[in-house]
Amino acid sequence: EYKCLTTRKPLAQDSKLLPLNPVLDEDGVIRSYGRLVQTKFVSHDVQYPIILPRKNWVTKLIVKQSHEEGHHVAGTNQTLATLSPKHWIL
């Protein structure tokens, strides 16, 4: 899917990324281009959340860091709520 995005070829019809309207930013990060683009008073990261694969070591590290920043008190829902404005985990 990343290769398709870099070469500007269409994604497969069964791709999980397709409903998220993925785009590559200037750093090569896959971001979702959704309805929040029209908002004016939110940050760039909220307008274009980073799309992360579900079972990937980088995703696990990001979730782990968020959990640790909550001092291990934050449960699953709180951790995901903290991540959801800037990240979209498949």
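Visitor: Honestly, the side chain of H87 in this entry has me stumped. Any pointers?
Guide: Mapped onto the secondary structure, H87 falls in strand β4 (residues 87–89). Not counting chain neighbours up to four residues away, the residues in contact with H87 comprise P49, I50, L52 and I62.

Visitor: Please explain helix α3 (residues 57–69) as it appears in this structure.
Guide: An α-helical segment advances 3.6 residues per turn. Residues three or four places apart therefore align on the same side. With 13 residues, α3 ought to run about 18 Å at 1.5 Å a step, and its terminal C-alpha atoms sit 18 Å apart, in line with that. Where α3 begins, one side-chain oxygen reaches toward the backbone nitrogen of V58, 2.8 Å away; that side chain belongs to N56.

Visitor: I tried to follow the layout of surface pockets on my own but got confused; where do I start?
Guide: Empty space among the atoms can be located by rolling a probe the size of a water molecule over them. Here the largest pocket is characterised by a volume of approximately 190 Å³. For the largest pocket, the full set of lining residues is P19, L20, N21, S32, Y33, G34, R35, L36, Q47, P49 and W88. Residue classes in the lining of the largest pocket are distributed as six nonpolar, four polar and one charged.

Visitor: For this particular structure, what's the right way to read the nonpolar core?
Guide: Nonpolar side chains in soluble globular proteins tend to be buried together. Core analysis: the largest hydrophobic core is formed by six residues, namely L5, L11, L17, L20, I30 and I51. Those residues within four positions of L5 in sequence are excluded, and the remaining contacts are L11, P22, L24 and I30.

Visitor: Just checking my understanding: could you explain a nonpolar patch on the surface for this structure?
Guide: Taken together, W57, V58 and L61 make up a surface patch of nonpolar side chains, about 340 Å² in accessible area. With respect to the element layout, V58 can be found in helix α3. Accessibility expressed as a relative area gives 35% for V58, which makes it partly exposed.

Visitor: Help me out: how do you make sense of the environment of W57 in this one?
Guide: Along the chain, the position of W57 falls in helix α3. Residue W57 is classed as exposed on the basis of its relative accessible area of 63%. Taking the C-alpha atoms as reference points, W57 and T82, 25 residues apart in sequence, are found 19 Å from one another.

Visitor: Would you take a moment to explain unusual backbone geometry for this structure?
Guide: Most peptide bonds take the trans form, and the phi angle of most residues other than glycine is negative. The phi torsion at R8 lies on the positive side, around 60°, for a residue other than glycine. When you line up the elements, R8 lands in the loop between α1 (2–6) and β1 (22–24). Positive phi outside glycine occurs at N21, with the angle close to 50°. Summarising the element assignment, N21 is placed in the loop between α1 and β1.

The rules behind these values
Residues numbered from 1 in each chain as written. Predicted model: local features only at pLDDT ≥ 70, side-chain atom pairs only at ≥ 80, totals over all residues. Heavy atoms only, no water. Helix = DSSP H or I, 4+ residues; strand = E, 2+ residues; numbered from the N terminus. Contact = heavy atoms within 4.5 Å. Expected span 1.5 Å × (residues − 1). Polar contact = N/O pair within 3.5 Å; in protein donor to acceptor, adjacent residues only side chain to side chain. 1 Å grid on protein atoms, 1.4 Å probe; cavity = no way out; pocket = protein on both sides within 12 Å on 5 of 7 lines; lining within 4 Å. Points joined across faces, edges and corners; volume = space filled by probe spheres on them. Nonpolar A, V, L, I, M, F, W, Y, C, P; charged D, E, K, R; others polar. Core = buried A, V, L, I, M, F, W, Y, C linked by side-chain atoms within 4.5 Å. Buried < 20%, exposed > 50% of the residue type's maximum accessible area, 1.4 Å probe, protein only. Patch = residues over 30% accessible without salt bridge, like charges linked within 9 Å, V, L, I, M, F, W, Y side chains within 5 Å. Areas by Shrake-Rupley, 256 points an atom, 1.4 Å probe, with all protein chains shown as cover. Salt bridge = Lys/Arg side-chain N within 4 Å of Asp/Glu carboxyl O.

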